[in-house]
Each structure stands twice: as structure tokens, then as C-alpha cells.
Amino acid sequence: MKIAFIGGGNMATALIAGLAGQLTGAGSLHVVDPNTEALERLASQYGVSTASSIDVQVGAADVVVLAVKPQQMREVAACLKPLLANVPDKQPLVLSIAAGIRIADLSRWLGGYTRIVRSMPNTPALIAMGITGMVAASEVDEAQRSAADKVMRAVGQTVWLKDESLIDPVTAVSGSGPAYVFYFLEAMQQAALEMGLDAEQGRQLALATFTGAAQLAAQSGDPVEVLRQRVTSKGGTTHAAITSMEAAGVKDAIVSAMKAAADRGRELGDELGKDS
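Only a predicted model underlies this, so the values are computations on that prediction, with no experimental measurement involved. (Residues numbered from 1 in each chain as written. Predicted model: local features only at pLDDT ≥ 70, side-chain atom pairs only at ≥ 80, totals over all residues. Heavy atoms only, no water.)

Novice: Would you explain the packing of helix H1 (residues 10–19) against helix H2 (residues 36–46) in this entry?
Specialist: Describing two packed helices takes the angle between their axes plus the distance from one axis to the other. One way to put it is that H1 packs onto H2 with a least axis distance of 11 Å and a crossing angle of 15°. By the angle class used here, H1 and H2 are roughly parallel. Where H1 crosses over H2, the two elements pack in a sense that is right-handed. Mapping the contact onto sequence places Thr-13, Ile-16 and Ala-17 in H1 and Arg-41, Leu-42 and Tyr-46 in H2. (Axes fitted to C-alpha atoms, helices over the stretch in contact; angles between N-to-C directions. Helix = DSSP H or I, 4+ residues; strand = E, 2+ residues; numbered from the N terminus. Parallel < 35°, antiparallel > 145°, perpendicular 65-115°, else oblique. Left-handed = near helix turned anticlockwise from the far one by under 90°. Contact = heavy atoms within 4.5 Å.)

Novice: Help me understand the pattern of salt bridges, please; the structure alone is not making it clear to me.
Specialist: Any two side chains of opposite charge can pair, given that their charged atoms come close. Taken as a whole, this structure holds nine salt bridges when the rule is applied. Between Asp-270 and Arg-102 there is a salt bridge, and its shortest N-O distance comes to 2.8 Å. Here Asp-270, found in helix H12 (residues 250–273), pairs with Arg-102, found in the loop between strand S5 (93–96) and helix H5 (103–109); they are 168 residues apart in sequence, far enough to count as distant. Asp-270 gets classed as partly exposed once you look at its relative accessible area, which sits at 45%. Taking the relative accessible area as the measure of exposure, Arg-102 reaches 25% and is therefore partly exposed. Two residues, Arg-230 and Asp-222, come together in a salt bridge whose shortest N-O distance is 2.8 Å. A relative accessible area of 55% places Arg-230 in the exposed class. For Asp-222, a relative accessible area of 30% corresponds to the partly exposed category. Overlapping salt bridges bring together Arg-264, Glu-267 and Glu-271 as one network. (Salt bridge = Lys/Arg side-chain N within 4 Å of Asp/Glu carboxyl O. Buried < 20%, exposed > 50% of the residue type's maximum accessible area, 1.4 Å probe, protein only.)

Novice: I keep staring at the nonpolar core and nothing clicks. Help me out?
Specialist: Buried together is how nonpolar side chains tend to be arranged in soluble globular proteins. In this structure, Phe-5, Leu-15, Val-65, Leu-66, Leu-95, Leu-106 and Leu-110 are the most contacted members of the largest nonpolar core, which totals 61 residues. The residues contacting Phe-5, other than those within four sequence positions of it, are Ala-12, Leu-15, Ile-16, Leu-19, Leu-29, His-30, Val-31, Val-32 and Val-65. (Core = buried A, V, L, I, M, F, W, Y, C linked by side-chain atoms within 4.5 Å.)

Novice: I'm lost on unusual backbone geometry in this one. Help?
Specialist: Trans is the prevailing form of peptide bonds, just as negative phi is the prevailing case for residues other than glycine. Although it is not a glycine, Ala-128 sits at a positive phi angle of roughly 60°. By secondary structure assignment, the location of Ala-128 is in the loop between strand S6 (116–120) and strand S7 (130–136). Overall, the relative accessible area of 47% leaves Ala-128 in the partly exposed class.

Below, the structure is given as C-alpha cells:
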């Protein structure tokens, strides 16, 4: 499988690291980015071919991964559009990992091209522990859907959606989700310091607790509510903590925050997709 990346940032690098020598050979990976330093690093580390602008190798790819900032997508699509028009028989898959860019808008910018999969990965992809929400345009065939799945599975799990509108909830839950985890870890470490533990002890205890609890939840067949109840003996220390959180409305605040993230995702789609 020949894969071309438009953009050589962190997420593209994570995907290349997962793909090179596994799903496809490094010689089948091509990266386009105006940043010469980034291209030199990728070529040195992974043996990929590179270019500073969209070239014929992009048109020869089976999958074109759009890994640029959402604000750059319209300009990139304008450069990619003539290449796609010149390969009507090949019809490569366009795989977007840019937040907020809807399939209909990207298709319009590409001159009506419809072989598009939209995805929302998250930052744990950088250590091959990500999860990606994905949705395909109706014109994407099973082979291309499978190709998109294999590309994103190089850095973690995938979840396929039937309706593109669900990308915004996915963004709220998993796309933005690592930030919520880091925020909670910040609070745990702050509490540890305020209660007399040193910074390294607080960090070690918080990280190990969060990692262990997440793994326990992943490996257990029980709902997380049941797992939480088992740790929460009435009148005990955990019960005191949960009671305090409930009184402060922590759960409701988290739910509201995630809904705000989903709302902002929809707003971004409207803002980025409108014709200027």
C-alpha cells in the first residue's frame, strides 16, 4: 500500500512510526511538508521519501492522509484537487485526521471528490495507544475502508460510526479526553503536595493509580459503576471522597464540559466549512 502524508507533524509522525516496516515498507511512505527540518528528521528516522510541496507521488498513492491543521485544509485541498482529477481510474482514498472539517466541505474543496474517510484520533497515538473514531463517505468501498482502518490501527484502536454527526461526541469523549485525564492527575498531584507528600511521590502515586484503575476497568467484564462501588465502603475514606465530589457536582460538571466540547466541535465545523 502506497501512503502519502500531507503534513509531517506529531500525529503524522506517530502514524509513520506505526506503519513503517509493519503495514507497508518505508519506501511506500511519502511525506509532504514545507518544514525542511521535519522532512529531514522523518527521512532519517523512517526512510520515507519527502517533498516540500504536493507532487506526483501523492497522486500515485493508494491513501492520502491529510494531517494538517484544520485552518490549512482548504488551501491544501485546492492544491490536491487537480492531482485527484488527473487520476480518475485510480481514485485514491483521502483520509482526513483534521478536527472540525466535514466530509461534505472537504469534498466540495476537492471538486466533488467523494472517496473520503474522516477520522478523529487522540494523542495517545504517539505511544501506539490511541483510539480513533472514523466515518466513511458512502462512495468509499470496503477495500478502502479496510485500508483506512489498517492505517489508524497502526497507532491504536478504531471505532467506526454510521453517522458523521457522531464525530463531535467522539471528539468530546476521546479526542479531547486525554486533557481531562491530565487535568484530574494535576488535581491528584496537587492534593498529594498539600497533604505532605513530595512532588515525585505524588506523581508516582497518581500515575500508577490512574493507569492501574484504567487497566482494571479494561480487563474487567463489570461496569465501571460496579468497580467504583466495590472500592467505596460506606463510612470509609473513599466514601468520604465520593460524597464530597457528589456534593460539589463533579460528575455533572464533567458531563457538561464534554457536551461543551461537542458543541464547540459542531461550531468549528460550521466556521471552517462556510464559504468566505
